[in-house]
Each structure stands twice: as C-alpha cells, then as structure tokens.
Amino acid sequence: MGFKCGIVGLPNVGKSTLFNALTATAAAEAANFPFCTIEPNVGRVGVPDPRLDTIAKIGKSAKIVPTQLEFVDIAGLVRGASKGEGLGNQFLANIRETDAIIKVVRCFVDDNVTHVDGEVDPLRDAETIETELMLADMESLEKRQANLVKKARGNDKDAQQTLELVERTLKVLEAGKPARNTEIAEDEKKAFKMLQLLTSKPILYVCNVDEDSAATGNALSDKVAEMAAAQGAKSVVISAKIEEEVSQLDADDEKQEFLETLGLEETGLARVIRAGYELLNLITFFTVGPKEARAWTVRKGAKAPEAAGAIHTDFERGFIKAETIAYDDFVGLGGEQACKDAGKMRQEGKEYVVHDGDIMLFRFNV
C-alpha cells in the first residue's frame with residue numbers, strides 16, 4: 001500500500017536539497033537556477049517508529065522492516081504553470097498522482113541564492129503555488145463539464161450527479177478557494193476523489209529556514225504557521241542545509257551529537273515524515289516473528305480484511321479471522337505466548353476496526 005507525497009515549490013527554495021536529505025541520496029541535482037530538476041525524482045523513506053524496535057527485540061526478530069512513505073520531487077513551479085509555462089504541464093501531471101502535497105517555502109534570506117520574484121516572501125510564494133493549482137483544476141473541470149452536460153441531457157444519472165458535483169466545485173474555485181473547501185456528502189467522496197483535483201489534496205507546509213533558525217523558526221516561518229493553522233493544514237520548520245549535512249553522516253550517534261550542538265532533538269526528516277503520515281490520516285499495525293518484525297500502513301478506520309490486504313490481496317480475499325494483541329499488552333507481558341496465556345490475544349472478525357499499534361496475525365483460506 002503506497003502513499004506518495006509530492007514535494008513542490010518555486011525554483012531556488014531548497015526543494016531538491018530537501019528531497020536529497022529526505023532520501024539520503026543525491027538523485028535530484030540541487031543547483032542555483034530554475035528547472036534543475038527535469039524529471040520527477042522518487043524516493044522512499046522508512047517512517048520512524050520506536051515501537052517497531054521494541055517488538056522486534058521481544059520477538060527476537062532477525063530483521064526489522066519499517067513502513068514507508070514515498071516522496072516525489074517535482075520540477076520547480078513558476079507563475080503560469082497552469083497554462084503550460086516552464087515545465088507546467090509535466091509538473092501538473094506528476095502531482096496529480098500523489099496523495100498529499102508538501103509545499104516547500106523559502107524562509108531564509110541569502111543574497112547568493114536568487115529568488116524568481118526578486119525578494120523572499122513565503123506567503124506570496126504559497127499563494128502563487130495555490131493559484132496555479134486552482135487554475136489548473138478549473139481548466140480540468142471545465143473540460144469535463146461540456147461532456148457531462150451532453151450525457152446528462154440523455155438522462156444518464158451518473159453523469160447528472162457528477163455534473164452537479166463538478167459545478168458545485170467550480171463555484172468554490174471561482175470564488176478563489178481550493179477544491180478541498182467544497183462540501184462533499186459521504187456518498188460523493190469516491191466520485192470527488194476520481195476528479196483528481198490538485199487542490200483537493202491535503203497540504204503540509206515545510207518552512208526552509210537558515211541554520212541558526214532551525215530549532216526555533218523565525219519571523220517568516222511564524223507567518224507560514226499562522227497561515228497553515230487558518231487553513232487547517234500543518235507546517236514544519238526545517239533547515240534543508242542541516243538535513244543535507246546530517247544525511248551525509250553514517251553513525252546514528254554522530255547524527256545525534258551534531259543535532260544536539262544545534263539545539264535539535266531530532267532530524268527535520270523525522271518531523272516531516274511524521275507530519276506527512278498524520279496528514280494522510282494513516283495508522284500503523286505490526287506483524288512480528290523470528291524472521292522479521294514489520295510495520296504496515298492502513299488508513300484510520302480500516303477493518304481487519306483491509307489490513308490483511310495491505311500484506312497480500314490473497315489475505316483479504318480469503319480472510320477468516322485476525323489474531324490481535326494490543327501493543328501495550330505485547331510489551332507489558334513480554335511477547336505473544338505470554339499474551340496468549342493471559343488471555344490478551346483476541347480473535348477478531350471482518351468487522352474489527354484496526355487500532356494503531358495492533359500486532360496482528362491473519363488466518364485466511366483461498
């Protein structure tokens with residue numbers, strides 16, 4: 001079950017530097033000119049979760065496999081992208097495939113790094129990105145609208161319902177608001193998602209600050225945090241330069257020592273991943289055994305068969321039951337057998353809603 005976060009931003013905001021640090025690679029060339037990233041770069045990173053290490057020790061697992069998020073670094077956006085300016089069309093096609101959008105905004109002043117608009121203003125930059133995405137959404141919906149009108153006149157009920165949804169969303173966009181502000185009924189959610197609107201995706205703002213502001217943020221990042229809170233979005237403060245330096249250190253103790261000298265408790269990577277995970281409304285369950293302890297990702301509210309399907313589609317198709325242990329019980333009692341003896345291993349059926357931290361074993365038959 002893969003989840004993608006698209007990393008977007010104007011040229012020279014530190015977007016590719018951040019991507020390099022997030023994935024601990026140099027796959028995206030970071031250079032001081034627009035469009036240095038010509039193709040989207042994709043990197044997968046493990047989601048930090050100390051619970052996985054704990055259950056692996058208890059289960060004496062030979063291998064530890066964390067759950068992952070996928071980051072897609074997309075060429076720098078410029079004003080006019082919705083009309084195909086710069087690498088606009090390619091940019092927009094790539095971002096439609098992601099589940100959430102990380103907007104990197106520049107919150108540092110450096111005369112040696114040019115800004116496409118001449119001066120640093122993260123709120124203006126964020127507005128430029130949002131405007132381009134809204135214009136692209138409007139164009140996409142208007143193209144669909146003509147075809148839907150024809151079908152609706154022929155008494156196509158599905159087309160009539162979709163047309164009503166499209167028109168309602170267009171009104172929101174025309175009022176200068178993102179598509180995510182559209183009121184959607186529960187039975188419309190699937191159809192709305194199929195519209196693949198850029199401004200319907202959840203947003204995480206990443207404020208790229210100078211190294212001295214990495215621990216506390218600065219006046220510019222404070223403004224972004226206020227804006228994000230007003231939008232119901234999230235924001236994280238990082239220094240892409242620091243993250244780049246940390247990613248080049250091999251030993252964990254070296255990384256920790258380096259961070260502590262800067263007044264930081266953890267990497268920005270850990271904060272970005274955790275915020276992205278929360279943004280997508282995801283939870284983690286675990287499987288554990290002698291061969292491996294593994295974390296798996298499912299959406300919050302997922303039932304046991306869906307969780308089984310995250311491991312293999314056969315598990316979901318032939319689901320019989322799930323043997324489930326709560327994380328606290330597994331750790332507190334010291335493992336699977338102790339939980340069985342204490343009556344803490346539960347037999348759960350198809351209607352069981354998975355809880356974050358559940359340790360599960362699936363029984364199936366195909």
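Being a predicted model, the structure only gives us computed values, none of them experimental.

**Describing the nonpolar core**
Judged by nonpolar contacts, the single largest core of 47 residues is most densely connected at Leu69, Phe71, Ile102, Leu204, Tyr205, Val206 and Val272. Phe71 has contacts with Cys5, Ile7, Phe19, Leu22, Asn41, Val42, Gly43, Val45, Ile102, Val272 and Ile273, leaving out every residue within four places of it along the chain. With 16 residues, the next largest nonpolar core counts Phe285, Ala307, Phe319 and Phe362 among its residues.

**Remarks on the layout of surface pockets**
The computed volume of the largest pocket comes to approximately 990 Å³. Lining the largest pocket are 23 residues; nearest its centre among them are Asp99, Lys193, Ser200, Pro202 and Leu280. Among the elements that make up the lining of the largest pocket, the one with the highest residue count is helix H6 (residues 189-194) (3 residues). Here the residues of the lining of the largest pocket are counted per class, giving 9 nonpolar, 5 polar and 9 charged. As for the second largest pocket, its lining consists of 25 residues, of which Pro48, Asp252, Lys255, Thr267 and Leu269 are closest to the centre.

**With respect to the pairing of strand S7 (residues 234-238)**
With 5 bridges connecting them, strand S6 (residues 203-208) and S7 associate as parallel partners. Note that in S7 the partner of Tyr205 across the bridge is Ser235. Handedness of the crossover joining S6 and S7 through helix H7 (residues 219-231): right-handed.

**What about the packing of helix H1 (residues 15-23) against helix H8 (residues 240-247)?**
The contact between H1 and H8 brings their axes to 8 Å, and the two run at 30°. With respect to their mutual orientation, H1 and H8 come out roughly parallel. Of the two possible hands of crossing, H1 and H8 adopt the one that is left-handed. Facing H1, whose interface residues are Thr17, Leu18 and Ala21, H8 presents Ala240, Glu243, Glu244 and Ser247.

**Details of helix H10 (residues 268-279)**
Taking 1.5 Å per residue as the helical rise, H10 with its 12 residues ought to reach 16 Å, and the 16 Å between its terminal C-alpha atoms agrees with that figure. Looking at H10, one finds that the buried residues are Gly268, Ala270, Val272, Ile273, Ala275, Gly276, Tyr277 and Leu279. Sitting at the amino-terminal end of H10 is Thr267, which places a side-chain oxygen 3.1 Å from the backbone nitrogen of Ala270. Asn281 sits one or two residues past H10 and shows a positive phi near 60°.

**A look at the packing of helix H4 (residues 122-153) against helix H5 (residues 157-174)**
Where H4 meets H5, the closest approach of the two axes is 9 Å, and the angle between their N-to-C directions is 150°. With respect to H5, the element H4 is oriented roughly antiparallel. The handedness of the crossing between H4 and H5 is left-handed. Side by side, H4 and H5 meet where Met134, Asp137, Met138, Leu141, Glu142, Gln145, Leu148, Val149, Lys151 and Ala152 of the first sit next to Ala159, Gln160, Thr162, Leu163, Val166, Glu167, Thr169, Leu170, Leu173 and Glu174 of the second.

**Brief notes about unusual backbone geometry**
For Lys60, which is not a glycine, the phi torsion comes out positive at approximately 50°. Relative to the elements of secondary structure, Lys60 occurs in the loop between helix H2 (50-58) and strand S3 (63-65). Residue Lys60 is classed as exposed on the basis of its relative accessible area, which comes to 70%.

**A closer look at helix H11 (residues 304-311)**
Of all the 8 residues making up H11, 6 are buried; the element is thus mostly covered by neighbouring parts of the structure. By the burial criterion, the buried members of H11 are Ala304, Pro305, Ala307, Ala308, Gly309 and Ala310. On its buried side, H11 packs onto strand S8 (282-288), strand S9 (292-299), helix H12 (313-317), strand S10 (319-325) and strand S12 (359-364).

**Observations regarding the confidence of the model for the protein chain**
This prediction gives the protein chain a mean pLDDT of 86; 88% of its residues lie at or above 70. Of the regions scoring below 50 in pLDDT, residues 32-38 engages in 22 contacts with residues more than four places distant in sequence or in other chains.

**What to know about the packing of aromatic side chains**
Two numbers describe a pair of aromatic rings. These are the distance of the centres and the angle of the planes. Throughout the structure, instances matching the rule amount to 4 aromatic pairs. Members of the aromatic cluster, joined through ring pairs, are Phe285, Trp296, Phe319 and Phe362. For the cation-ring pair, Arg51 lies above Tyr327, with the distance from its terminal atom to the ring centre recorded as 6.0 Å. Cation over ring: Arg106 sits above Phe108, and NZ or CZ is 4.5 Å from the ring centre.

**With respect to a negative patch on the surface**
Taken together, the side chains of Asp250, Asp252, Asp253, Glu254, Glu257 and Glu260 define an acidic patch exposed on the protein surface. When you line up the elements, Glu260 lands in helix H9 (residues 252-261). Of the residues examined, Glu260 reaches a relative accessible area of 53% and is grouped as exposed.

**Quick word on the sheet that holds strand S2 (residues 41-46)**
The strand order S2-S4-S1-S5-S6-S7 describes an open sheet built from 6 strands, whose pairing is mixed. Each of the sheet's edge strands pairs with one partner strand only, and the pair in question is S2 and S7. Neighbour-to-neighbour, the strand axes of the sheet open up by a mean angle of 25°, direction not taken into account. As judged from the 4 bridges shared by strand S1 (residues 4-8) and strand S5 (residues 100-106), these two strands associate in the parallel manner. In the strand pairing of S5, Gly6 is matched with Ile101. Running over the sheet, H1 touches S1, S2, strand S4 (68-73), S5, S6 and S7 and is turned about 40° from S2.

What counts as what
Residues numbered from 1 in each chain as written. Predicted model: local features only at pLDDT ≥ 70, side-chain atom pairs only at ≥ 80, totals over all residues. Heavy atoms only, no water. Core = buried A, V, L, I, M, F, W, Y, C linked by side-chain atoms within 4.5 Å. Buried < 20%, exposed > 50% of the residue type's maximum accessible area, 1.4 Å probe, protein only. Contact = heavy atoms within 4.5 Å. 1 Å grid on protein atoms, 1.4 Å probe; cavity = no way out; pocket = protein on both sides within 12 Å on 5 of 7 lines; lining within 4 Å. Points joined across faces, edges and corners; volume = space filled by probe spheres on them. Helix = DSSP H or I, 4+ residues; strand = E, 2+ residues; numbered from the N terminus. Nonpolar A, V, L, I, M, F, W, Y, C, P; charged D, E, K, R; others polar. Pairing = 2+ DSSP bridges. Right-handed = clockwise from strand over helix to strand, strands pointing away. Axes fitted to C-alpha atoms, helices over the stretch in contact; angles between N-to-C directions. Parallel < 35°, antiparallel > 145°, perpendicular 65-115°, else oblique. Left-handed = near helix turned anticlockwise from the far one by under 90°. Expected span 1.5 Å × (residues − 1). Polar contact = N/O pair within 3.5 Å; in protein donor to acceptor, adjacent residues only side chain to side chain. pLDDT = per-residue confidence, 0-100. Phe/Tyr/Trp six-rings, centres within 6.5 Å; stacked < 30°, edge-to-face > 60°. Lys NZ or Arg CZ within 6 Å of the ring centre and 35° of its normal. Patch = residues over 30% accessible without salt bridge, like charges linked within 9 Å, V, L, I, M, F, W, Y side chains within 5 Å. Areas by Shrake-Rupley, 256 points an atom, 1.4 Å probe, with all protein chains shown as cover. Salt bridge = Lys/Arg side-chain N within 4 Å of Asp/Glu carboxyl O. Lys, Arg positive; Asp, Glu negative; His and termini not counted. Charge placed at Lys NZ, Arg CZ, Asp CG, Glu CD.

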